[in-house]
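Each chain, letter by letter, is given below.
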Amino acid sequence: MFRFIGHLIIVGVALWLTSLLLPGMHLGEGGGTILGQVLTVAGIALIFAIVDAIVKPILSFFALPLTCLTLGLFMLVINALMLLLTAWVAGLFGLPLEFDSFWWALLAGVIVGILSSIFEAILGVDGDRDRERA
C-alpha cells in the first residue's frame, strides 16, 4: 500500500514538473488555491495510475507485434495514448489536463517516464520488491 502511495506521489510530481517544462501540456491551470492545485494533480495522478494499471497492459499485449517490429519504440506511442486517455477521463471529472496535440502528449510521456524512473531510483520505491522476495 505504501509503495502505491509512493508511486502515486512520484507520478504526480513528474506530471506537474512536465507541465512546467512543456508549453503544450496544460495541467491544473487557473487561479486556485495551492491546496486545490495539489488535489487536482493528485486526482490526475490517481486517474493516470488506474489507466496505466488497467488499460496499458491490454493495449501493450495487442500491440506486441508492432512493438517488436519497431524495436520497442511503439511503447512511446502507447504511453502518449495513456496520457491522452487520462486527459479525457480527467475531463469527465472536471480536472484540467489538456494537450495541444498528440506530439505534446508523446513528448510528455517520454519526460514523465524519465522523471518517474529517476525519482523511483533515488527514493528506492521499486527497490522494496527485491527486499520482499528475499
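Residues numbered from 1 in each chain as written. Predicted model: local features only at pLDDT ≥ 70, side-chain atom pairs only at ≥ 80, totals over all residues. Heavy atoms only, no water.

Undergrad: Where do I start with the pattern of salt bridges in this structure?
TA: Considering all chains together, one arrives at one salt bridge under this definition. Linking Asp 52 and Lys 56 is a salt bridge whose minimum nitrogen-to-oxygen distance equals 3.8 Å. Of this pair, Asp 52 and Lys 56 both sit in helix 2 (residues 34-62), four residues apart, which is roughly one turn of that helix. (Salt bridge = Lys/Arg side-chain N within 4 Å of Asp/Glu carboxyl O. Helix = DSSP H or I, 4+ residues; strand = E, 2+ residues; numbered from the N terminus.)

Undergrad: Explain the packing of helix 2 against helix 4 (residues 74-92) here, please?
TA: In helix packing, the relevant descriptors are the interaxial angle and the interaxial distance, both defined with respect to the helix axes. Two numbers describe how helix 2 lies on helix 4: the axes approach to 9 Å, and their chain directions differ by 135°. The angle between helix 2 and helix 4 places the two elements in the oblique class. Crossing of helix 2 against helix 4: the hand is right-handed. Between helix 2 and helix 4, the residues in contact are Ile 44, Ile 47, Phe 48, Val 51, Asp 52, Val 55, Lys 56, Leu 59 and Ser 60 and Met 75, Ile 78, Asn 79, Leu 81, Met 82, Leu 83, Leu 85, Thr 86, Val 89 and Ala 90, respectively. Partitioned by chemical class, the residues of the contact of helix 2 with helix 4 number 14 nonpolar, three polar and two charged. (Axes fitted to C-alpha atoms, helices over the stretch in contact; angles between N-to-C directions. Parallel < 35°, antiparallel > 145°, perpendicular 65-115°, else oblique. Left-handed = near helix turned anticlockwise from the far one by under 90°. Contact = heavy atoms within 4.5 Å. Nonpolar A, V, L, I, M, F, W, Y, C, P; charged D, E, K, R; others polar.)

Undergrad: Which parts of the structure should I look at to understand the packing of helix 4 against helix 5 (residues 102-123)?
TA: Packing of helix 4 against helix 5 brings their axes to within 8 Å, and their N-to-C directions diverge by 105°. Taken together, the axis directions place helix 4 and helix 5 in an arrangement best described as roughly perpendicular. In contact with Leu 76, Val 77, Ala 80, Leu 81, Leu 83 and Leu 84 of helix 4, helix 5 contributes Phe 102, Ala 105, Leu 106, Ala 108, Gly 109 and Val 110. Class assignment for the residues of the contact of helix 4 with helix 5 results in 11 nonpolar, one polar and no charged.

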